[in-house]
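Next come the chains, spelled out residue by residue.
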Amino acid sequence: MKRWEYKGRWALVTGASTGIGEAFARSLAARGMHLVLTARREDRLRALTDELTVAHGIRTHVIPLDLAEPGAPEEIWRQAADGREIHLLVNNAGFGFQGAFHELPRDREVSVVQVNITAVLELAHLALQGMRARGEGGILNVASVAAFQPLPTLATYAASKAFVLYFSEALWEENRRAGVRVVALCPGRTPTGFQERAGTGIVDRSTPGFKLPAEVAEAGLRALEKGRSYVIPGAVNYVNSFSGVLLPRQLLMRMLGKLIRRFV
Ligand SMILES: NC(=O)c1ccc[n+]([C@@H]2O[C@H](COP(=O)([O-])OP(=O)(O)OC[C@H]3O[C@@H](n4cnc5c(N)ncnc54)[C@H](OP(=O)(O)O)[C@@H]3O)[C@@H](O)[C@H]2O)c1
């Protein structure tokens, strides 16, 4: 396996305006990567690129678009790849909403599928064309520990992250001999804007498996460098992700339902 190179190459990071995506932008800029950043909040993206350009002397480009809009992933790729070879795609944008599925607004649940699944699929497909032709490149898809089992009250979100994990692992195998790396990053609970939007509880240092966004992004980049197919940052999150595999599935759902009802 060739050494993974960052310096002077271009990365496209989705959901870069805050949280784990912003941490990716900072980590990649510190390694000398030029950045195309996308999210809806243009002001935040511009403030971040201004700062990173001065701090690291990198080149940047901002694409303010809503990934839930049909055609947005294609438009983002068209703008990002215009005159640039994208060496690394970080499919990070994502969100979910907590609650009983039948009570959640249907359009919001559909937007979870559009951003967490459809956009990831479309951008990966577009990116792979050039990466495979060049015989190098990487795709880092942000999944979650929620990918390892269904989650009552986060049904759509957990199912969307299971898609990201399975999809990424299959693409890892399909593309590794072509020189293209694919990683699923599966964070546990990380303090970001996610919790407020999702309506899930506060995350602090007392939360089991707690990691900062910067630690999560670093774990993802280390996995990419090593050519891993997935990574779960933190030993507690790793053990928890596999703790249910031997249980009968209905028993696991009943136990998770009970546990979640206690906290929600
Ligand atoms: N935080 C956690 O505990 C945790 C755990 C496991 C996995 N994850 C995953 O980590 C990833 C990053 O989330 P985060 O925790 O960093 O949350 P966050 O702070 O809320 O960041 C989410 C990012 O996605 C962007 N985004 C949201 N909706 C979008 C849309 N419709 N179109 C374009 N961009 C959109 C947001 O930017 P704008 O609002 O400016 O558009 C923001 O930059 C997600 O895939 C999430 O599922 C998070």
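To keep things clear, this report deals only with the structure shown in the data block.

Membership of the largest hydrophobic core comes to 73 residues, with the highest contact counts inside it found for Ala25, Leu35 and Cys186. The biggest single contributor to this core is helix H4 (residues 106-134), with nine residues. Setting aside chain neighbours within four positions, we find Leu35 in contact with Ala11, Val13, Ala25, Leu28, Ala29, Thr49, Leu52, Ile58 and Thr60.

Another point: the sheet that holds strand S5 (residues 137-142). Two strands in a sheet stick together by hydrogen bonds in their backbones, pointing the same way (parallel) or opposite ways (antiparallel). The seven strands are arranged S3-S2-S1-S4-S5-S6-S7 in an open sheet whose pairing can be described as parallel. Looking at strand neighbours, the two that pair on one side only are strand S3 (60-64) and strand S7 (230-231), the edges of this open sheet. Two strands pair when backbone bridges link them, and strand S2 (residues 34-39) and S3 are joined in this way by five bridges, in the parallel orientation. Bridge pairing links Thr38 to Ile63 in S3. Its contacts with the sheet place helix H5 (residues 155-175) against S5, strand S6 (180-185) and S7, and it is angled at close to 160° to S6.

Turning our attention to the pairing of strand S1 (residues 10-14). In terms of burial, S1 is a largely internal element, five of the five residues being buried. Here S1 shows two buried faces, one formed by Trp10, Leu12 and Thr14 and the other by Ala11 and Val13. With five bridges joining them, S1 and S2 adopt parallel strand pairing. The partner of Ala11 across the bridge, within S2, is Leu35. Between the parallel elements S1 and S2, the chain passes through helix H1 (residues 19-30) in a crossover that is right-handed. Two elements, S1 and strand S4 (residues 86-91), share four bridges in a ladder whose sense is parallel. When the sheet's bridge partners are listed, Val13 is paired in S4 with Val90.

Attention now goes to helix H3 (residues 72-80). For H3, the set of buried residues is Ala72, Pro73, Ile76, Trp77 and Ala80. Down the axis of H3, the sector holding all buried residues measures 135°, keeping them to one side. Contacts made by the buried residues of H3 are with S1, S2, S3, S4 and H4.

The environment of the ligand is made up of 27 residues, and the closest members are Gly15, Gly19, Arg40, Gly94 and Gly193. Those elements that place two or more of their residues in the shell around the ligand are H1 and helix H6 (194-198). Considering each element in turn, the shell around the ligand owes the most residues, three residues, to H1. Its residues assigned to classes, the shell around the ligand comprises 11 nonpolar, 11 polar and five charged.

Let us now look at the packing of H1 against helix H2 (residues 42-56). Where H1 meets H2, the closest approach of the two axes is 10 Å, and the angle between their N-to-C directions is 20°. In terms of their interaxial angle, H1 and H2 are classed as roughly parallel. For the element pair H1 and H2, the recorded crossing hand is right-handed. Within the contact between the two elements, H1 uses Glu22, Ala25, Arg26, Ala29 and Ala30 and H2 uses Leu48, Leu52 and His56. When its residues are assigned to classes, the contact of H1 with H2 shows five nonpolar, one polar and two charged.

Here the focus is the environment of His61. On the secondary structure map, His61 appears in strand S3. We classify His61 as partly exposed; it has 18 C-beta atoms within 10 Å. It is 7.8 Å that separates the C-alpha atoms of His61 and Thr49, two residues lying 12 residues apart in sequence.

Rules used throughout
- Position labels on residues start from 1 in each chain and follow its written sequence.
- For this predicted model, a pLDDT threshold of at least 70 governs which residues receive local features, and a threshold of 80 or more governs which side-chain atom pairs are given and counted, while totals over whole chains, interfaces and linings are taken from all residues.
- A set of buried Ala, Val, Leu, Ile, Met, Phe, Trp, Tyr and Cys residues, joined to one another through C-beta atoms within 7 Å, is what we call a nonpolar core.
- Counting other C-beta atoms within 10 Å of a residue's C-beta gives its exposure: the residue is buried at 20 or more, exposed at 12 or fewer, and partly exposed in between, where C-beta atoms are placed from the backbone.
- Helix numbering and strand numbering both begin at the N terminus, where a helix is a DSSP run of H or I of at least 4 residues and a strand a DSSP run of E of at least 2.
- The contact rule is simple: place each C-beta atom from the backbone, and if two of them lie within 7 Å, those residues are in contact.
- Here the rule is simple: two strands pair whenever DSSP picks up at least two bridges between them.
- Convention adopted: a line fitted to C-alpha atoms gives each axis, helices being fitted over their contacting stretch, and angles between N-to-C directions are expressed from 0 to 180 degrees.
- Orient the strands so they point away from the viewer, and a crossover whose first-strand-to-second-strand path over the helix runs clockwise is right-handed.
- The directions considered for the arc are those from the helix axis to the C-beta atoms.
- Residues are classed as near a molecule or strand if the C-beta position derived from their backbone is within 6 Å of it.
- Residue polarity follows a fixed list, in which Ala, Val, Leu, Ile, Met, Phe, Trp, Tyr, Cys and Pro are nonpolar, Asp, Glu, Lys and Arg are charged, and the others, Gly among them, are polar.
- Relative orientations are named as follows: roughly parallel for angles under 35 degrees, roughly antiparallel for angles over 145 degrees, roughly perpendicular for angles from 65 to 115 degrees, and oblique for any other angle.
- Handedness of a crossing is defined here by the sense of rotation of the near helix relative to the far one, left-handed for an anticlockwise turn of less than a right angle and right-handed for a clockwise turn.

Everything listed is a geometric property; what it means functionally is a separate question.
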